[in-house]
Amino acid sequence: MKINDMARATGLPAKTIRYYEQIGLVRPTRSQNGYRQFSEADQHRLSFLSRARALGFSIAECRDLLNLYDDTSRASADVRAIAARHLQDIQHKIDALTQMQATLAHLVDACAGDDRPDCPILNDLSG
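Just so we're clear, the structure is a prediction, and the values are computed from it rather than from any experiment.

Criteria and cut-off values
Residues numbered from 1 in each chain as written. Predicted model: local features only at pLDDT ≥ 70, side-chain atom pairs only at ≥ 80, totals over all residues. Heavy atoms only, no water. Axes fitted to C-alpha atoms, helices over the stretch in contact; angles between N-to-C directions. Helix = DSSP H or I, 4+ residues; strand = E, 2+ residues; numbered from the N terminus. Parallel < 35°, antiparallel > 145°, perpendicular 65-115°, else oblique. Left-handed = near helix turned anticlockwise from the far one by under 90°. Contact = heavy atoms within 4.5 Å. Nonpolar A, V, L, I, M, F, W, Y, C, P; charged D, E, K, R; others polar. Buried < 20%, exposed > 50% of the residue type's maximum accessible area, 1.4 Å probe, protein only. Arc of directions from axis to C-beta. Salt bridge = Lys/Arg side-chain N within 4 Å of Asp/Glu carboxyl O. Core = buried A, V, L, I, M, F, W, Y, C linked by side-chain atoms within 4.5 Å.

Draft legend 1. View of the packing of helix 1 (residues 3-10) against helix 3 (residues 40-54). For the pair helix 1 and helix 3, interaxial distance at closest approach is 10 Å and the crossing angle is 45 degrees. Relative to helix 3, helix 1 is oriented oblique. Helix 1 and helix 3 meet at a crossing whose hand is right-handed. Residue-level inspection shows Met 6, Ala 9 and Thr 10 of helix 1 in contact with helix 3, the latter providing Asp 42, Gln 43, Leu 46, Ser 47 and Ser 50. For the contact of helix 1 with helix 3, the class distribution of residues is three nonpolar, four polar and one charged.

Draft legend 2. Highlighting helix 1. Of the positions making up helix 1, those classed as buried are Ile 3, Met 6, Ala 7 and Thr 10. Angularly, the buried residues of helix 1 cover 105 degrees about the axis, an arc narrow enough to put them on a single face. Contacts from the buried residues of helix 1 go to helix 2 (14-22), strand 2 (36-37) and helix 3.

Draft legend 3. Examining the pattern of salt bridges more closely. Taken as a whole, this structure holds five salt bridges when the rule is applied. Across the pair Arg 8 and Asp 5 runs a salt bridge whose closest N-O atoms are separated by 2.6 Å. You can see Arg 8 and its partner Asp 5 sitting in helix 1, three residues apart, about one turn around the helix. Judged by relative accessible area, which is 62%, Arg 8 ranks as exposed. Look at Asp 5 and you get partly exposed, because its relative accessible area is 33%.

Draft legend 4. Representation of the nonpolar core. Ile 17, Tyr 20, Phe 38, Leu 46, Leu 49 and Phe 57 are the most contacted members of the largest nonpolar core, which has 19 residues in total. The contacts of Phe 38, once residues within four sequence positions are left out, are Met 1, Lys 2, Ile 3, Met 6, Ile 17, Pro 28 and Leu 46.

Draft legend 5. Spotlight on the environment of Ile 23. Summarising the element assignment, Ile 23 is placed in the loop between helix 2 and strand 1 (29-30). The class of Ile 23 is partly exposed, set by a relative accessible area of 23%. Along the sequence, Ile 23 and Ile 59 sit 36 residues apart, while their C-alpha atoms lie 9.5 Å from each other. Not counting the four nearest positions on each side in its chain, Ile 23 is found in contact with Ile 59 and Arg 63.

Draft legend 6. Just the side chain of Arg 45, in detail. With respect to the helices and strands, Arg 45 occurs in helix 3. Ignoring anything within four residues of it in the chain, the contact list for Arg 45 reads Leu 25, Leu 66 and Asp 70.

Next comes the structure, spelled out in structure tokens:
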């Protein structure tokens, strides 16, 4: 399968597939004319990467997950640890966004939004 076919099959842009090849996450063979030839296993790996990235895993975490996936003697505890750390990171981001939302909502409510120059939002931003 060529790269454009693989892009259609996985929903990943060809540029992303090339990047994943460049950093060693996928290793298609090359035909005599230099075209990439992707296998069914490559398609599976790219679909795996697409799903993992959609869940917010970093490239490094994806690499670790793929290595564990390839290791048939892996311990599921190792996979769980990566996912648990990622879940904790997501929760920290949610907490920070919730705090930002509350602060901004308070500032928007405090601002009269009229023709007067006094603005609590600008006062807060200026420190």
